[in-house]
Amino acid sequence: MNKKALIVEDDINIAELLMLYLEKDGFEVRVAYDGGKALAEFSVFQPDLVLLDIMLPVMDGKQVCKEIRKTSSVPIIMLTAKGETGDKVEGLNIGADDYMTKPFEVKELLARIHAVMRRAEPEESPKEKKLVYDRLVVNLDSYELVVDGTRVDTPPKEMELLYHLAASPNIVFTRNQLLDEVWGFDYFGDSRTVDVHIKRLREKLEGVSDKWCLKTVWGVGYKFEVVK
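An account of the accompanying structure is given in this report. (Residues numbered from 1 in each chain as written. Predicted model: local features only at pLDDT ≥ 70, side-chain atom pairs only at ≥ 80, totals over all residues. Heavy atoms only, no water.)

Points about the nonpolar core
Part 1 of the argument: Counting residues in each nonpolar core, the largest one holds 26 residues, and the members touching the most others are Leu136, Val138, Leu161, Leu162, Leu165, Leu178 and Phe224.
Part 2 of the argument: Taken together, the elements giving at least two residues each to this core come down to strand S7 (136–139), strand S8 (144–147), helix H6 (156–166), helix H7 (175–183), helix H8 (192–205), strand S11 (212–217) and strand S12 (221–226).
Part 3 of the argument: If we skip the residues at most four places from it in the chain, phenylalanine 224 touches Tyr133, Leu136, Leu162, Leu165, Ala166, Pro169, Asn170, Trp212, Cys213 and Leu214.
Part 4 of the argument: Core analysis: the second largest hydrophobic core is formed by 20 residues, Leu18, Leu22, Val29 and Val116 among them. (Core = buried A, V, L, I, M, F, W, Y, C linked by side-chain atoms within 4.5 Å. Buried < 20%, exposed > 50% of the residue type's maximum accessible area, 1.4 Å probe, protein only. Helix = DSSP H or I, 4+ residues; strand = E, 2+ residues; numbered from the N terminus. Contact = heavy atoms within 4.5 Å.)

Structure, rendered in structure tokens:
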């Protein structure tokens with residue numbers, strides 16, 4: 001889905017130029033030519049970015065910015081002919097994320113747009129590498145294997161092999177696939193290495209639960225079978 005940008009600018013030529021470049025950059029764009037319409041459009045359009053001129057009819061850009069900030073943290077870049085430091089500081093203090101002085105290079109404006117939007121994106125939490133089945137916890141973050149409530153010391157490669165299989169239940173992996181995906185494509189060991197690790201894992205897991213098991217698929221490989 002395209003990002004949405006609201007341009008608030010009373011100079012029609014500047015507004016049309018900004019719209020042209022933003023649409024070319026992949027944005028869905030709407031324009032408001034005064035502060036009052038800007039707030040109405042903001043409420044309906046729910047943009048991901050606001051380019052906001054300061055000198056506007058009906059309500060100036062500073063007041064528009066203050067009103068938007070009451071309900072939203074959307075990135076706002078102020079546009080103005082004023083270049084004094086005091087004006088820039090005031091704009092930033094009332095909630096603007098950046099400030100561009102007219103006339104400006106469109107390439108620089110686009111670069112600033114991308115920068116403020118990157119900063120506004122929520123940071124992705126690292127995915128927890130922990131699998132839980134009946135009487136079994138495989139935690140690859142801490143390299144801990146808990147079997148029937150008891151922590152079982154397990155070498156790293158056994159942990160990685162078990163996690164890899166259990167993360168895709170009922171999917172069959174060949175020995176070569178497991179060598180590539182667990183040991184790495186540059187591993188040149190014997191495929192029987194997989195068999196040895198599976199044997200050791202079975203010794204740790206045998207009889208723990210009837211809801212899952214490490215199963216050999218003869219002539220193919222292995223899978224972590226979960227009873228449905």
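From this point, the discussion proceeds with the structure in view.
Here we look at the sheet that holds strand S10 (residues 173–174)
Part 1 of the argument: Ordered in space as S10-S12-S11, the three strands form an open sheet in which the pairing is antiparallel. The two strands at the open ends of the sheet, each matched to only one other strand, are S10 and S11.
Part 2 of the argument: Pairing of S10 with S12, which is carried by two bridges, proceeds in the antiparallel orientation. Among the inter-strand pairings, threonine 174 is bridged to a residue of S12, identified as glycine 221.
Part 3 of the argument: Across the sheet, H6 is in contact with S10, S11 and S12; its angle to S12 comes to roughly 60°.
Part 4 of the argument: With respect to the sheet, H8 is in contact with S11 and S12, its orientation differing from that of S11 by roughly 150°. (Pairing = 2+ DSSP bridges. Axes fitted to C-alpha atoms, helices over the stretch in contact; angles between N-to-C directions.)

Topic: H8
Because an α-helix completes one turn every 3.6 residues, residues spaced three or four positions apart along the sequence face the same direction.
Part 1 of the argument: End to end, H8 covers 20 Å across 14 residues, agreeing with the expected 20 Å (1.5 Å per residue, within 8%).
Part 2 of the argument: All of the buried residues in H8 are Thr193, Val194, His197, Ile198, Leu201 and Leu205. Angularly, the buried residues of H8 cover 130° about the axis, an arc narrow enough to put them on a single face. Residues of H8 that are exposed and point more than 90 degrees away from the buried face comprise Arg192, Lys199 and Glu203.
Part 3 of the argument: One or two positions beyond H8, positive phi appears at glycine 207, with a value near 75°. (Expected span 1.5 Å × (residues − 1). Arc of directions from axis to C-beta.)

A look at the packing of aromatic side chains
Part 1 of the argument: What the rule picks out here adds up to two aromatic pairs.
Part 2 of the argument: A ring pair is formed by tyrosine 133 and phenylalanine 224, whose centres lie 4.8 Å apart and whose planes are at 45°; its orientation type is tilted. Of this pair, tyrosine 133 sits in strand S6 (residues 130–133) while phenylalanine 224 sits in strand S12, and the two are 91 residues apart along the sequence.
Part 3 of the argument: One aromatic cluster is present, formed by Tyr133, Trp212 and Phe224 through successive ring pairs.
Part 4 of the argument: Over the ring of phenylalanine 45 we find lysine 4; its NZ or CZ atom is 5.1 Å from the centre of that ring. (Phe/Tyr/Trp six-rings, centres within 6.5 Å; stacked < 30°, edge-to-face > 60°. Lys NZ or Arg CZ within 6 Å of the ring centre and 35° of its normal.)

Describing the pairing of S8
Part 1 of the argument: Burial along S8 is one-sided: the residues Leu145 and Val147 are buried and none of Glu144 and Val146 is.
Part 2 of the argument: In the sheet, S8 pairs with strand S9 (residues 150–152) via three bridges, with the strands oriented antiparallel. Bridge assignment links leucine 145 to a residue of S9, and that residue is valine 152.
Part 3 of the argument: As consecutive antiparallel partners, S8 and S9 are separated by two residues, and within that stretch aspartate 148 has a phi angle of approximately 55°, a positive value.

Some points on the sheet that holds S8
Part 1 of the argument: The four strands lie next to each other as S6-S7-S8-S9, forming an open sheet whose pairing is antiparallel. Each having just a single partner strand, S6 and S9 make up the two edges of the open sheet. Shown here is a sheet whose adjacent strand axes are inclined to one another by a mean of 20°, direction ignored.

Nothing here speaks to function; it is all geometry.
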